[in-house]
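Single-letter residue listing:
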Amino acid sequence: MTPNVKEIFAGEAPPAPAALAAKVRTLAPSMTRSMQRVAEAVASDPAGCAALTVTGLAELTGTSEATVVRTARLLGYPGYRDLRLALAGLAAQQQSGRAPAVTADIAVDDPIADVVAKLAYDEQQTLADTAAGLDTVQLGAAVTALAAARRIDIYGVGASGLVAQDLAQKLLRIGLIAHPHSDPHLAVTNAVQLRAKDVAIAITHSGSTGDVIEPLRVAFERGATTVAITGRPDGPVTQYADHILTTSTARESELRPAAMSSRTSQLLVVDCLFVGIAQRTYETAAPALSASYEALAHRHSPRGRMR
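About the criteria used
- Residues numbered from 1 in each chain as written.
- Predicted model: local features only at pLDDT ≥ 70, side-chain atom pairs only at ≥ 80, totals over all residues.
- Heavy atoms only, no water.
- Helix = DSSP H or I, 4+ residues; strand = E, 2+ residues; numbered from the N terminus.
- Areas by Shrake-Rupley, 256 points an atom, 1.4 Å probe, with all protein chains shown as cover.
- Phe/Tyr/Trp six-rings, centres within 6.5 Å; stacked < 30°, edge-to-face > 60°.
- Salt bridge = Lys/Arg side-chain N within 4 Å of Asp/Glu carboxyl O.
- Buried < 20%, exposed > 50% of the residue type's maximum accessible area, 1.4 Å probe, protein only.
- Core = buried A, V, L, I, M, F, W, Y, C linked by side-chain atoms within 4.5 Å.
- Contact = heavy atoms within 4.5 Å.
- Arc of directions from axis to C-beta.
- Pairing = 2+ DSSP bridges.
- Axes fitted to C-alpha atoms, helices over the stretch in contact; angles between N-to-C directions.
- Parallel < 35°, antiparallel > 145°, perpendicular 65-115°, else oblique.
- Nonpolar A, V, L, I, M, F, W, Y, C, P; charged D, E, K, R; others polar.

Asker: In this structure, what is going on with the overall build of the protein chain? I would like to understand it.
Answerer: Secondary structure summary: the protein chain contains 15 helices and 5 strands in total. Only carbon and sulfur atoms are counted for the fraction: they give 56% of the accessible area of the protein chain, which is about 15000 Å².

Asker: Which parts of the structure should I look at to understand the packing of aromatic side chains?
Answerer: In this description, a pair of aromatic rings is defined by centroid distance and the angle of the planes. Scanning the model with the defined rule gives 1 aromatic pair in all. Centre to centre, the rings of F220 and Y240 are 6.1 Å apart; their planes meet at 65°, and the pair counts as edge-to-face. Placement of F220 in helix α12 (residues 210-221) and of Y240 in the loop between β4 (225-230) and β5 (243-246) is noted, with a sequence separation of 20 residues between them.

Asker: Which parts of the structure should I look at to understand the pattern of salt bridges?
Answerer: Once the charged atoms of two side chains with opposite charge are near each other, the side chains can pair. Counted according to the given criterion, the structure contains 7 salt bridges. D198 serves as the salt-bridge partner of R150, at 2.8 Å between the closest nitrogen and oxygen. Placement of R150 in the loop between α9 (136-147) and β1 (152-155) and of D198 in the loop between α11 (184-191) and β3 (199-204) is noted, with a sequence separation of 48 residues between them. On the basis of relative accessibility, which here comes to 49%, the residue R150 falls in the partly exposed class. The salt bridge partner of K170 is D271, with a shortest N-O separation of 3.6 Å.

Asker: Is there a simple way to think about the nonpolar core in this case?
Answerer: A general tendency of soluble globular proteins is for nonpolar side chains to be buried together. Judged by nonpolar contacts, the single largest core of 30 residues is most densely connected at I152, I154, L171, V199, I201, L245 and L273. Secondary structure elements with two or more residues in this core: α9, β1, α10 (159-173), β3, β4 and α13 (258-280). Those residues in contact with I201 that sit more than four places away from it in its chain are L146, I152, D153, I154, Y155, L167, L216, V227 and I229. M35, A39, V42 and A86 belong to the second largest nonpolar core, which has 23 residues in total.

Asker: Before we go on, may I ask you to explain helix α6 (residues 65-74) in this structure?
Answerer: In an α-helix, one turn spans 3.6 residues, which is why side chains three or four residues apart end up on the same side. Of all the positions in α6, only T67, V68, T71, A72 and L74 are classed as buried. Each buried residue of α6 lies within a common arc of 165° when the element is viewed along its axis, so the set occupies one face. Remark: G76 follows α6 within two positions and exhibits a positive phi of approximately 110°.

Asker: Is there a simple way to explain the sheet that holds strand β2 (residues 178-181) in this structure?
Answerer: Within a sheet, adjacent strands bond to each other through the backbone by hydrogen bonds, running parallel or antiparallel. Taken in spatial order, the 5 strands make up an open sheet running β2-β1-β3-β4-β5, and their pairing is parallel. Two strands in the sheet have a free side with no partner beyond their single neighbour: β2 and β5. In this sheet, neighbouring strand axes are inclined to one another by 15° on average, regardless of whether the strands run parallel or antiparallel. Two elements, β4 and β5, share 4 bridges in a ladder whose sense is parallel. Bridged to V227 within β5 is H243.

Asker: Whenever I open this one, the packing of α11 against α12 confuses me. Can you help?
Answerer: Interaxial distance between α11 and α12 falls to 8 Å at its minimum, and their mutual angle equals 5°. Regarding the angle of α11 to α12, the classification is roughly parallel. Counted together, P184, A187, V188 and A191 of α11 and D211, E214, P215, V218 and A219 of α12 form the full contact between these two elements. A breakdown of the residues in the contact of α11 with α12 according to their chemical character gives 7 nonpolar, no polar and 2 charged.

Given below as structure tokens:
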């Protein structure tokens with residue numbers, strides 16, 4: 001277990017049974033191989049594992065009792081007993097039909113109807129996992145900082161750069177000064193201008209994108225409030241983040257790069273931020289949204305489209 005992960009989950013309430021599978025998917029990449037075996041076992045067969053003692057689960061996964069306990073703690077439970085209770089609750093939910101089975105990856109010869117069904121399921125699972133794992137305390141703190149910000153810089157490259165643009169245009173429509181940056185040089189040169197009461201947001205699924213981490217570090221050192229939206233809560237980007245918003249870790253396949261699902265989960269977090277900010281600033285946000293809608297209304301009319 002890395003120090004960053006300990007800090008992130010220290011003091012949190014144990015995750016609800018429904019959030020356990022999402023927690024496993026999010027944290028598995030940061031675990032040791034032996035801990036991954038324990039995590040994969042409890043996620044794939046919660047009913048069977050709930051019936052096992054700590055010694056039994058260690059024997060089943062070819063690990064040690066200490067590894068089982070460390071895995072339980074990394075997943076957010078004080079000890080193995082608490083994890084067993086969560087597993088029993090998850091098993092009950094699955095037996096009641098509320099937890100669907102994970103679909104297979106898309107194959108090159110899948111009919112298009114199957115492709116649609118599998119993509120729809122994966123998107124739903126990604127959103128559900130992100131919602132289950134999102135720390136609402138951290139989210140609320142980020143909303144508070146953004147609502148009062150003098151200026152907001154948002155860093156992202158590739159697919160995350162598209163998400164950065166989406167957040168910036170949303171914030172601009174409610175009257176906030178927001179700038180998306182996908183060029184690393186411009187990002188850093190703008191970051192040096194940030195001060196207290198400014199906010200910098202880094203969006204990186206891997207948590208290790210240097211072109212995003214560097215401007216966030218500069219903003220952090222300049223005294224700005226910093227936020228990381230990432231699928232890796234133990235990634236390097238979190239060293240410079242005052243607030244960490246964790247997204248779902250997607251399963252990557254040959255025909256569906258991880259960037260597709262990571263963007264879905266990032267957009268959910270962006271929407272949560274935007275709605276929270278609009279609520280906090282409703283007296284100014286509502287008129288600003290109305291004005292922007294009216295300014296563009298003629299472009300959406302039939303006559304406007306014919307021109």
